[in-house]
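The lines below spell out each chain.
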Amino acid sequence: MPEKLTTVRTVAGLRAQVARWRAAGEKVGLVPTMGALHEGHLSLVQAARRRGADHVVVSVFVNPTQFGPNEDFSKYPRQEDSDAAKLETVGADLLYAPDVGEMYPDGFATTVHVAGLTDGLCGPLRPGHFDGVATVVSKLLLQCLPDIAVFGEKDYQQLQVIRRMVRDLDVPVLIEGAATVRDESGLALSSRNAYLSADQLAIARQLNGVLFAMAERIAADPARCRSEMEWGLERLREAGFDRIDYLAVCDAASLEPLEVADRPARILAAAFIGRTRLIDNIPV
Ligand SMILES: Nc1ncnc2c1ncn2[C@@H]1O[C@H](COP(=O)(O)OP(=O)(O)OP(=O)(O)O)[C@@H](O)[C@H]1O
Ligand SMILES: CC(C)(CO)[C@@H](O)C(=O)[O-]
Ligand code: BAL
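Residues numbered from 1 in each chain as written. Chains lettered and ligands numbered in written order. Predicted model: local features only at pLDDT ≥ 70, side-chain atom pairs only at ≥ 80, totals over all residues.

Right, let's get into the pairing of strand β6 (residues 174-178). Bridge count between strand β5 (residues 148-152) and β6: five bridges; the pairing is parallel. Along β6, the bridge assignment pairs A149 with I175. In this fold, the crossover linking β5 to β6 by way of helix α7 (residues 156-168) has right-handed handedness. (Pairing = 2+ DSSP bridges. Helix = DSSP H or I, 4+ residues; strand = E, 2+ residues; numbered from the N terminus. Right-handed = clockwise from strand over helix to strand, strands pointing away.)

What follows covers the sheet that holds strand β8 (residues 265-273). The strand order β7-β8-β9 describes an open sheet built from three strands, whose pairing is antiparallel. Both outer strands of the open sheet, β7 (243-251) and β9 (276-283), are each paired with one neighbouring strand and no more. Strand-to-strand, the axes of this sheet are offset by a mean angle of 10 degrees, without reference to chain direction. Pairing of β7 with β8, which is carried by eight bridges, proceeds in the antiparallel orientation. Looking at β8, one finds that L247 is bridged to A269. Each of β7, β8 and β9 is contacted by helix α9 (residues 207-220), which is oriented at about 25 degrees to β9, the strand it contacts most. Across the sheet, helix α10 (residues 225-239) touches β7 and β8, and the angle it forms with β7 is around 155 degrees. (Axes fitted to C-alpha atoms, helices over the stretch in contact; angles between N-to-C directions. Contact = placed C-beta atoms within 7 Å.)

On to the domain arrangement of the chain. Considered domain by domain, the chain is made up of domain 1 (6-178) and domain 2 (191-283). The centre of domain 1, based on its C-alpha atoms, is set 26 Å off from the matching centre of domain 2. With twelve residues of domain 1 in contact, the opposing surface of domain 2 contributes ten residues. Those elements that provide at least two residues to the side of domain 1 that touches domain 2 are α5 (122-125) and α7. At three residues, the largest contribution of residues to the side of domain 1 that touches domain 2 is made by α7. (Domains from an automatic or database assignment.)

A few words now on the environment of L268. Relative to the helices and strands, L268 is located in strand β8. The buried category is assigned to L268, around which 22 C-beta atoms lie within 10 Å. Each C-alpha atom of the pair L268 and L255 lies 9.5 Å from the other, and the pair is 13 residues apart in sequence. Those residues within four positions of L268 in sequence are excluded, and the remaining contacts are L121, Y156, A248, C250 and N281. (Buried ≥ 20, exposed ≤ 12 C-beta atoms within 10 Å, placed from the backbone.)

This brings us to the pairing of β5. Consecutive side chains along a regular strand alternate between the two faces of the sheet. Counting buried positions along β5 gives four out of five residues, so the element sits mostly inside the fold. Pairing analysis gives two bridges linking strand β2 (residues 28-33) to β5, with the strands arranged parallel. Within β5, the residue paired with G29 across the bridge is I148.

This part covers the nonpolar core. V45, V58 and V249 are the most contacted members of the largest nonpolar core, which has 69 residues in total. Sort the elements by how many residues they give to this core and helix α6 (residues 129-144) lands first, with eight residues. Two domains each provide a minimum of three residues to this core, namely domain 1 (6-178) and domain 2 (191-283). For V58, the contacting residues outside a window of four places in its chain are V31, T33, V45, L87, A92 and L95. (Core = buried A, V, L, I, M, F, W, Y, C linked by C-beta atoms within 7 Å.)

Let us now look at the sheet that holds β6. Reading across the sheet, the six strands line up as β1-β4-β3-β2-β5-β6 and stay open at both edges, with parallel pairing between neighbours. Each having just a single partner strand, β1 (6-8) and β6 make up the two edges of the open sheet. Each neighbouring strand pair of the sheet contributes to a mean axis angle of 25 degrees, computed without reference to strand direction. Running at roughly 150 degrees to β2, α6 makes contact with β2, β3 (55-60) and β5 of the sheet. Along the sheet, α7 contacts β5 and β6; its crossing angle with β6, the most-contacted strand, is approximately 170 degrees.

It is worth spelling out the packing of α9 against α10 at this point. Between two packed helices, both the angle of their axes relative to each other and the distance between the axes serve to describe the pair. Across the interface, α9 lies against α10 with an axial gap of 10 Å and an inter-helix angle of 160 degrees. Between α9 and α10, the interaxial angle falls into the category roughly antiparallel. Remark: the crossing between α9 and α10 carries right-handed chirality. Residues V210, M214, R217 and I218 of α9 form the contact with α10, whose own contacting residues are C225, E228, G232, R235 and L236. Taken together, the residues of the contact of α9 with α10 sort by class into five nonpolar, one polar and three charged. (Parallel < 35°, antiparallel > 145°, perpendicular 65-115°, else oblique. Left-handed = near helix turned anticlockwise from the far one by under 90°. Nonpolar A, V, L, I, M, F, W, Y, C, P; charged D, E, K, R; others polar.)

Sequence positions flagged by UniProt for "active site" (unreviewed entry) are, in local numbering, H41. Within the secondary structure, H41 is located in helix α2 (residues 39-50). (UniProt positions renumbered as here; feature names shortened; annotations may be inferred.)

With that settled, consider the confidence of the model for the chain. Residues at a pLDDT of 70 or more form 99% of the chain, whose mean pLDDT is 97. Two summary scores accompany this predicted model of the complex, namely pTM at 0.97 and ipTM at 0.97. (pLDDT = per-residue confidence, 0-100.)

Here it is, written out as structure tokens:
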């Protein structure tokens, strides 16, 4: 029988529970999130179980250090009660919901920076974002010391950054990526979709179609990267996106931009509708 979901708010509380599972020889999975949970997050809990975790810890922490000064930290949705109810439906075991003081005690002075992979795409457009992510994910991994941690491919650059950070710092955890969960129109589920009006949602729902069309045409002719990017940018403008941060065809591992998709590649995009910034990516 799965245990009922319990909530802990301190590193000591988290470690005490994880220690009990370890003493019983059981494997622990960690799913880091910022809450406002949807089916995409719940799929990560299920993926952790499928990949061998006997118990799954889900962290919910809206991490201030990964938001820029003009970003949506204060309005980011916080809904712990409904998050807990959703986690129960997929049999998560522990909700770890620290406050900012627990995560960043007075005098906190350390930053984890992953070079190279953060030079392009979201990196320069959200200065400091990946330092905030790498630092808080390092802390979450060290606080919980899970056997595996699962992250969504929806945040593809983030996933690559975390893989590199874990490899470089010899963190003893297996990092697993999980496929993007989409709605019936193909729109990638995202907590920020809740900011969109009905008209804006109709625009958002066109993003994935443009990426899938580009992927099909580039797969047929790998030298078409540049012309397909121009085609895709035009389609996104026509669809009504207000600002396109990037639309790029990149090497799937290094995230270097590609002119010719002659190796595993990924098409990645970030675009604004009003003040809401959406991201998506798919393989070629
Ligand atoms: N549609 C999705 N499918 C699979 N995983 C997802 C999906 N959306 C988010 N995730 C993953 O869930 C984890 C937590 O992400 P986060 O809490 O930021 O959710 P989000 O919906 O991406 O929110 P935001 O709108 O802030 O980007 C990350 O590993 C992220 O990649
Ligand atoms: C990994 C993460 C939980 C770190 O705050 C966040 O960036 C997210 O929700 O993807
Ligand atoms: N989903 C990644 C977290 C962020 O955008 O800050």
